[in-house]
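# Observations on the model geometry
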Amino acid sequence: MSRFKLNRRTLLRGALGGGVVTLGLPPFEAFFNSTGTAYADGSLLPRRFGLFWWGNGMLPDFWVPTETGEDYTLSPLLEPLESMRQRLTVVTGTKVNVPNIVPHFSGSAGLLTGMPEIQIGDDYTFAGPTIDVVLGQALGGQSRFRRIEFGAAAKEGLSFNGPHSRNPPETDPAALFRRIFVEGFVAPGDEPVFDPKLALRRSVLDAVVEDARRLRDVVSKTDSIRLEQHMEGVRELERSIARLEEDPPDLAACSVPPEPDVEYPDVDGRPQLSAKNRVMCDTIAMALACDQTRVFSNFFSYPVNNTLFPNAPDGHHNLTHDEPGDQPEVFAITRQCMEEFAYQLQALENVAEGDGTLLDSCAVLGASEISLGRIHSLEEFPILIGGSCGGRLKEGLHYRSETQESSSKVVLSLLRAMGLPLGSWGEGDAFVDEGLSAIEV
Amino acid sequence: MKHLHLLLTASICVGCATEPVPVDPPEPRLRRLTQDQYRNVVADLFGADVVVPPNLEPDLTVDGFAAIGAALGSISARGVEQYEEAAYSVAGQALGSEADPAALVPCTPSGAVDSACAEAFLGDLAFRAWRRPVSAEELGRLVAVTEQAGESLGDFYEGVQFGVAAILQSPNFLFREELGEDDPDNPGGRRFTSWEMASRMSFLLWNTGPDAELLAAAEAGDLVTDDGLAAQADRMMADPRARRGIRAFFTELYKLQRLDDLEKDPTVFVHMGDDVGAAAREETLLNVEALVFDEDADFREFITSDRTFVNPKLASIYNIRSPVREGFGEATLDADDGRRGFLGQLSFLALNSHPINSSATLRGKFVRETLLCQSIPDPPADVDTSIPEPSGNAPTLRDRVADHLSVDACAGCHEIMDPIGLGFENFDALGRWRTTQGGAVIDPSGVLDGVAFDNAWQLADVVAEHEKFGSCIARSLFRFGVGHLEEPGERPSVAALGADLEASGFRIHDLVLSLVTSPVFRQTAEVTPRTPRLFFGDDS
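Just so it is clear, the structure is predicted and the values come from calculations on it, not from any experiment.

## Comments concerning the overall build of chain B
- Check the secondary structure of chain B and you find 25 helices and 11 strands.
- A compact globule built from 540 residues would reach a C-alpha radius of gyration of about 24 Å, and chain B, at 26 Å, matches this within 12%.
- Summarising its shape, the C-alpha atoms of chain B cover approximately 85 × 60 × 55 Å along the three principal directions.
- For chain B, the proportion of its 540 residues judged to be buried stands at 52%.
- For chain B, long-range pairs separated by at least 24 residues make up 66% of all intrachain contacts whose partners lie at least 6 apart in sequence.

## Examining the domain arrangement of chain B
- Taken domain by domain, chain B comprises domain 1 (31–176) and domain 2 (301–464).
- Computed from C-alpha atoms alone, the centre-to-centre distance between domain 1 of chain B and domain 2 of chain B is 46 Å.

## What about the environment of B:Ile442?
Residue and element names in this part refer to chain B.
- Along the chain, Ile442 turns up in the loop between strand 8 (440–441) and strand 9 (446–448).
- Exposure remark for Ile442: the 19 C-beta atoms within 10 Å place this residue in the partly exposed category.
- As a C-alpha pair, Ile442 and Glu301 span 141 residues in sequence and 27 Å in three-dimensional space.
- Setting aside residues no more than four positions away along its own chain, Ile442 makes contact with Thr396, Glu425, Asn426, Arg434, Thr435, Thr436 and Gln437.

## Details of helix 13 (residues 274–294) of chain B
- Taking 1.5 Å of rise per residue, 21 residues should cover 30 Å, and helix 13 of chain B covers 30 Å from first to last C-alpha, within 8% of that figure.
- On the buried face of helix 13 of chain B, the contacting elements are helix 12 (241–253), helix 14 (301–304), strand 5 (307–310), helix 15 (312–318), helix 16 (346–351) and helix 24 (508–517) of chain B.

## Points about the sheet that holds strand 4 (residues 190–191) of chain B
Residues and elements named next belong to chain B.
- Spatially, the three strands line up as an open sheet ordered 3-4-11, and their pairing is antiparallel. Single-partner strands in this sheet number two, and they are strand 3 (181–182) and strand 11 (523–524).
- Of the strand pairs in this sheet, strand 4 and strand 11 are connected by two bridges, and their pairing is antiparallel. Within strand 11, the residue paired with Arg191 across the bridge is Gln523.

## As for the packing of helix 5 (residues 196–216) of chain A against helix 6 (residues 221–245) of chain A
All names here are of chain A.
- Remark: helix 5 packs on helix 6, axes separated minimally by 10 Å, with the N-to-C direction vectors making an angle of 165°. By the angle class used here, helix 5 and helix 6 are roughly antiparallel. Helix 5 and helix 6 meet at a crossing whose hand is left-handed. Of the residues in helix 6, those in contact with Leu198, Arg201, Arg202, Leu205, Val208, Val209, Ala212, Leu215 and Arg216 of helix 5 are Ser224, Leu227, Glu228, His230, Met231, Val234, Leu237, Glu238, Ile241, Ala242, Leu244 and Glu245.
- Taken together, the residues of the contact of helix 5 with helix 6 break down into 13 nonpolar, two polar and six charged.

About the cut-offs
- Residues numbered from 1 in each chain as written.
- Chains lettered and ligands numbered in written order.
- Predicted model: local features only at pLDDT ≥ 70, side-chain atom pairs only at ≥ 80, totals over all residues.
- Helix = DSSP H or I, 4+ residues; strand = E, 2+ residues; numbered from the N terminus.
- Rg over C-alpha atoms; globule rule 2.2 N^0.38 Å.
- Buried ≥ 20, exposed ≤ 12 C-beta atoms within 10 Å, placed from the backbone.
- Contact = placed C-beta atoms within 7 Å.
- Domains from an automatic or database assignment.
- Expected span 1.5 Å × (residues − 1).
- Pairing = 2+ DSSP bridges.
- Axes fitted to C-alpha atoms, helices over the stretch in contact; angles between N-to-C directions.
- Parallel < 35°, antiparallel > 145°, perpendicular 65-115°, else oblique.
- Left-handed = near helix turned anticlockwise from the far one by under 90°.
- Nonpolar A, V, L, I, M, F, W, Y, C, P; charged D, E, K, R; others polar.

Here it is as structure tokens:
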């Protein structure tokens, strides 16, 4: 048993011009016992959430499928998802309803936090927590890690706890593997080795919390929030160490995945994004199967990235602005991104669990920060959803919003499908109090 | 030494030549150690051979500086894991079975648990790591975990590693606590304490924590006096570690860390390889070091000097004869080479370009924002920023960006950036010299704030002589040194720093001394602590 009781009330705080943003969420444990398929031992399968992000948007002319409903043909840009078509819902025609002030930033802030970005000093940051953090705080307490962020070209990622508080992603496949499956990991069926150092590490962290508590009480209000965030991380680590001291859960689907290569050197000056992404997708699939985490974010590529993709004649961002005509090079890069999203879903589909596959229990949101890169449009926003979240979301569907509904409705549907009993999502123009019923079961 | 004498004179004159400027400073903020600072302090405490794991909480860059982000960001849950891993790795390397723990621990332990020995070792280490006296309660916690570990593991040196790990994971180490005290010389005002001034100076000047001499000066109360500060500042600027501090400043200012991720298409640029970015950074920093430390020169030469330092790779890109077979050597450029000064260096030219094409806008923006401290708004989010493809009618970039300059909505900003950037069009996206583009001769002439230039060689003079050049460096060093944008109550002091820099003949050395002895670096405001908390779950 951990010596720390976890907060039942989940608090997400951030500094907002010296003030405090508090988002209080009620406890959710009750929701997990009502429905769901079971593990072999009768315990219930958890729900899992994934985010797959690619930067620089898409080309609406080649993105939106012609037909709607279940009987539709994938568009040229979505063709790489053909093998996952039955597990996929495509939502088109929605709009991220925040002022489009900062190119590539307003859209990601609007979709992921339901709020416009805020300005502090001369710089911009997210005003509140992103959806992966909201879900990790609410649901992640039962697994070893609340959330895991990674991505082949993630750069700083887009996971925020609040203003200027980012969760840095892992970009090195070997390091991601080591974090989850090497350091202290005990596979099901293995005898845990009693390690006195685990308890000692927790004692050290107790001392760290004591130091932080003293400091918190003498610094400014704003700094006390920063220290509380630090303390939350320390307690999180204590909890995850405590999990390692327990017997490993008996999960039939769990096994240690293959270890990634140490290095993925550039080829012709192009990073090996696909190879890195795929091995990290395999790693994270097993992290879910082994219940090491229930929430992940894969920042495959980042907003404004000028990455040289294989065969591309210029950086991705440059091409979105400067390539003339139908932008065949942007088209080819966006297709590569969709191939990687397809692999993300396939990696989850490949793992058998219960009566189905790992993907059954997942909701994986695929999105970018804009639609048409050339003009940073927030209309006709690209939204893809993989998995049914334990039968709560429809699959195999193209839903088209003819009334330019808010993208926040999709987010609210996803959060509710994950079990958060939220009445609304977002603020200001991005506020919604109903989900997108067409994609809900 | 003549040199030292000049410095002392200069720093004294800062206080006497001009009227003191009143300061209205903001509330003090905690600053997190940057990655480099963490590594430097660990090397100071445990030796340069100790290897810190590569991944630590990333620096947060805000308003152009990690130094400012350090005062805003917190530590993520992942960062806590990484700091833990680093702490045990460092402790193990310093005190583990492969190390020579007796070299670090000043006493011989009597057994697996020896509280007095643990207290002696950890007390001194925590004092140096936390940069201030350690309370009995704090030391008690460190000794307690050490005793518990020694008993559990049956070995003193194994046990003491847990005490070391506690020191290195503590917010007392990871954050700089500089909260100030009542200022007896300024009733009603607050100043940073002598201990806090030691940290402020050492992290600014050396990019690491204070050494023993500085801590001794702090303990003696010297660092709240003008003379004490000036004496330590002179000593510190004469120390080789000052090169590290100045390098850190210019690396942040010119965003040279981005050279690690330089994206250039090697199928277009045959010189491109993993070593190019690092070499470019070294060239720029060697120029800074030579001007600031070896020559105490007018820093405008950074922009106008025909001397630079290159390795064979850079020499081949610049198409000049390499002065050395390996490493860096001094080279002299002439007008035929077309380039001189920082604005002719790859680190400026390549970083402010696209992977394949040069960018007049990015280069002009850098000159405006970073060298002249003029701000330019972001383009509106919903405009089409594309420029026409090269064609027979528009072969050069100047022809192609003409749109920016003719469309009203764009021109407002682009006409203050593009004409400067077009002055560098003789350099391609990597920084190679060229005279034609698409068969047409490149025209690099232009006007910067009313001063005409024919090419980049002349443009260097225009930038260096610009009235904002000196005050911009002063403002940047202030932001880097204090970790925040200047508040209204600090602006007169920052302006005075700029005036001092110009009066000194643009000596960076003098600017640093002016800053650390200035009230704007030494005074602070009272902390308003948090109100009693309404929510904190189990942690009351």
